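Each chain, letter by letter, is given below.
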Amino acid sequence: MILSPTTTPQGRLIMTVFQDFSQFERDLIVERTKEGLKSARARGRKGGRPRVGTKEITKAINLYNTEEYSVKEIVEMTSISRATLYRYLNNDKLVQSDGCNQDT
């Protein structure tokens, strides 16, 4: 009969020690990451992907509203992604519908 290492008191102790070391290592990684981000912010660095310029978004929305161009053509002309275009179009529709509700 082969016993699992965790069925004995010594096995449970070893597993607990391994788990504690693992959690300790994880905590160190989180701490170092937070310190690195704080240091980068202090140096003026900002994380994340840069936003698309408002000129490109306005141009894309105007092209879309003319109904002369397909979404594919608009994406090629403005160099923004299809998802970005749809996100701003949805936000624009939400803003317009909110504005209409306030008038009534």
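Definitions and limits used
- Residues numbered from 1 in each chain as written.
- Predicted model: local features only at pLDDT ≥ 70, side-chain atom pairs only at ≥ 80, totals over all residues.
- Heavy atoms only, no water.
- Core = buried A, V, L, I, M, F, W, Y, C linked by side-chain atoms within 4.5 Å.
- Buried < 20%, exposed > 50% of the residue type's maximum accessible area, 1.4 Å probe, protein only.
- Helix = DSSP H or I, 4+ residues; strand = E, 2+ residues; numbered from the N terminus.
- Contact = heavy atoms within 4.5 Å.
- pLDDT = per-residue confidence, 0-100.
- Patch = residues over 30% accessible without salt bridge, like charges linked within 9 Å, V, L, I, M, F, W, Y side chains within 5 Å.
- Areas by Shrake-Rupley, 256 points an atom, 1.4 Å probe, with all protein chains shown as cover.
- Salt bridge = Lys/Arg side-chain N within 4 Å of Asp/Glu carboxyl O.
- 1 Å grid on protein atoms, 1.4 Å probe; cavity = no way out; pocket = protein on both sides within 12 Å on 5 of 7 lines; lining within 4 Å.
- Points joined across faces, edges and corners; volume = space filled by probe spheres on them.
- Nonpolar A, V, L, I, M, F, W, Y, C, P; charged D, E, K, R; others polar.
- Expected span 1.5 Å × (residues − 1).
- Arc of directions from axis to C-beta.

**Re the nonpolar core**
Then, number 1: In this structure, I57, A60, I61, L63, V71, I74, V75, I80, L85 and L89 together form the largest nonpolar core, which totals 10 residues.
Then, number 2: Elements with a minimum of two residues in this core: helix 2 (54-66), helix 3 (71-78) and helix 4 (82-103).
Then, number 3: Beyond its immediate chain neighbours, meaning those up to four positions away, L89 contacts I61 and Y64.

**Concerning the confidence of the model for the protein chain**
Then, number 1: Model confidence for the protein chain is summarised by a mean pLDDT of 86, while 85% of its residues fall at 70 or above.
Then, number 2: Model confidence for the protein chain, summarised as mean pLDDT per element, is weakest for helix 4 at 72 and strongest for helix 1 (residues 9-42) at 95.

**Looking at a nonpolar patch on the surface**
Then, number 1: Nonpolar side chains collect at one region of the surface, where L13, I14, M15, V17, F18, F21 and F24 lie side by side and expose about 720 Å² of accessible area between them.
Then, number 2: For M15, the location among the structural elements is in helix 1.

**Some thoughts on the layout of surface pockets**
Then, number 1: Estimates place the volume of the largest pocket at around 180 Å³.
Then, number 2: R49, P50, R51, V52, S79, I80, S81, T84, R87 and Y88 are the residues that line the largest pocket.
Then, number 3: For the lining of the largest pocket, the class distribution of residues is four nonpolar, three polar and three charged.

**Remarks on helix 2**
Then, number 1: Compared with the 18 Å implied by 1.5 Å per residue over 13 residues, the 18 Å span of helix 2 between its first and last C-alpha is a close match.
Then, number 2: Residues of helix 2 that are buried include every one of I57, A60, I61 and L63, and no others. For helix 2, the angular spread of buried residues about the axis comes to 160°, placing them on one side. Seen from the open side of helix 2, the exposed residues pointing more than 90 degrees away from its buried face are T54 and K55.
Then, number 3: Taken from the residues just after helix 2, E67 is the one with a positive phi, measuring 60°.

**What to know about helix 3**
Then, number 1: Among the residues making up helix 3, those that are buried are V71, I74, V75 and T78. In an axial view of helix 3, the angular spread of the buried residues amounts to 100°, which keeps them on one side of the axis. Turned more than 90 degrees away from the buried face of helix 3 sit K72 and E76, all of them exposed.
Then, number 2: Trailing helix 3 by a residue or two, S79 shows a phi angle of about 60°, which is positive.

**A short note on unusual backbone geometry**
Then, number 1: You will see that E67, though not glycine, has its phi angle at about 60°, which is positive.
Then, number 2: Counting through the fold element by element, E67 comes out in the loop between helix 2 and helix 3.
Then, number 3: A positive phi angle, close to 60°, is found at S79, a residue other than glycine.
Then, number 4: Its location among the elements puts S79 in the loop between helix 3 and helix 4.

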